[in-house]
Amino acid sequence: MSQFNQPISGNDLARFSGPNTFMRLPAADTLAGLDVAVLGVPMDIGTSWRSGTRFGPKQIRAESAMIRPYNMATFAAPFDSLQIADIGDLAINTFSLADSLRIIKESYDAILAQGVIPVAMGGDHSITLPILRAVAAKHGPVALVHVDAHADVNDEMFGERETHGTVFRRAYEEGLIVPDKTFQVGIRGSGYAASDFTEAKGWGFRQFPAWELWQQNLTQIGALIRKEIGKHPVYVTYDIDSLDPAYAPGTGTPEIGGLTTPQALQLIHALGGMNVVGCDLVEVSPPYDPSGNTALTAANLLFELLCILPGVTSR
């Protein structure tokens, strides 16, 4: 028997039963011995349009029961070489965004202090700011791969400076990320002003708008990103609304003309080999997709992110 945690096999226990953990991995109430901690951040008080992402982690876990432990496309076997467990949800303050961001930062400080790589299920995108604060405190300013329909570089929203649409302006201002190693993929849609995207380009951000990617294989772009980042510590944040609503309607701020699921896989596969120090998958809002397909897609993308973590072996 392997010394590493393994998801419960569908041949041992029917996939519609068993624990409601990510991929039916063991639940853990301690970080001791873990290489990777999967966790939920069930929060939607940072959203500006449709709420519901507080239910994201629960449904992502439920849909993840379908996923098997080996990646047939890349041969990655994350559970053969890394000790991975689901550590549950952070106890955010559902009545206070500011307090919730504090809780996330302090929780991540504790996780990173143990040398554990955190993989988060959101939750709205505002969770990424306190995560980056903790990651940068541990590793210094990090490279960033940001896959999203939106650049999230607003100065404020309704007078608030910490929301799901201001994350990466704050991260840039606070020196949490390396501007010329920050890549935004899939951005698109309408804007408040012509400068909505171009201002961040002036900071050094590299942008790949969705309209330049239609019908393209993203393997080459992923390889370019990997080469530019090199071995620098990198954080990957994946907003499910980067996908076209045809593939992921269950999200708070959908934009037409987005990436396809094959493109999402091409991009993640091409990022393998980077020094990933953490990642998240955010903005899954189950009330807007009764089929569960958005959460199923999110769960599979999270598995693909597990497959590119440092130390993952192939079979």
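Residues numbered from 1 in each chain as written. Predicted model: local features only at pLDDT ≥ 70, side-chain atom pairs only at ≥ 80, totals over all residues. Heavy atoms only, no water.

**Considerations on the overall build of the protein chain**
Let me state the cut-off plainly: Elements are defined by DSSP. Helices are runs of H or I of four residues or more, strands are runs of E of two residues or more, and each kind is numbered from the N terminus. Relative accessibility decides the category of a residue: with a 1.4 Å probe and only protein chains considered, values under 20% of the type maximum give buried, values over 50% give exposed, and everything between is partly exposed. Any two residues whose heavy atoms approach within 4.5 Å at even a single point are treated as in contact. Per-residue and other accessible areas follow the Shrake-Rupley method at a 1.4 Å probe size, with only the shown protein chains counted as cover for residues. None of His or the chain ends enter the tally, which takes Lys and Arg as positive and Asp and Glu as negative. A charged residue contributes its charge at one atom only: NZ of Lys, CZ of Arg, CG of Asp or CD of Glu.
Helix and strand counts for the protein chain stand at eight helices and 10 strands. Referenced to the eigenvectors of the C-alpha coordinate spread, the extents of the protein chain come out at roughly 55 × 45 × 40 Å. Counting the 315 residues in the protein chain, one finds 56% classified as buried. In the protein chain, once contacts between residues fewer than 6 apart in sequence are set aside, the share between residues at least 24 apart is 77%. Carbon and sulfur atoms form 54% of the exposed surface of the protein chain, whose accessible area is close to 12700 Å². Within the protein chain, one finds 22 positive and 33 negative side-chain charges whose respective centroids are separated by 5 Å.

**Describing the pattern of salt bridges**
Going by this rule: Salt bridge, as used here: a side-chain nitrogen of Lys or Arg that lies within 4 Å of a carboxyl oxygen of Asp or Glu.
Here the structure, examined in full by the defined rule, presents 14 salt bridges. Across the salt bridge formed by Glu173 and Arg161, the nearest N and O atoms sit 3.5 Å from each other. Separated by 12 residues along the polypeptide, Glu173 in helix α4 (residues 167-173) and Arg161 in the loop between β5 (142-147) and α4 bring together distant segments of the chain. For Glu173, a relative accessible area of 43% gives the class partly exposed. Residue class for Arg161 comes out partly exposed when judged on its relative accessible area of 40%. The partner of Arg169 in a salt bridge is Glu199, with the nearest N and O atoms 2.6 Å apart. Linking Arg169 in helix α4 with Glu199 in helix α5 (residues 195-203), this pair joins segments that are 30 residues apart in sequence. With a relative accessible area of 11%, Arg169 lands in the buried category. Overlapping salt bridges bring together Asp155, Arg161, Arg170 and Glu173 as one network.

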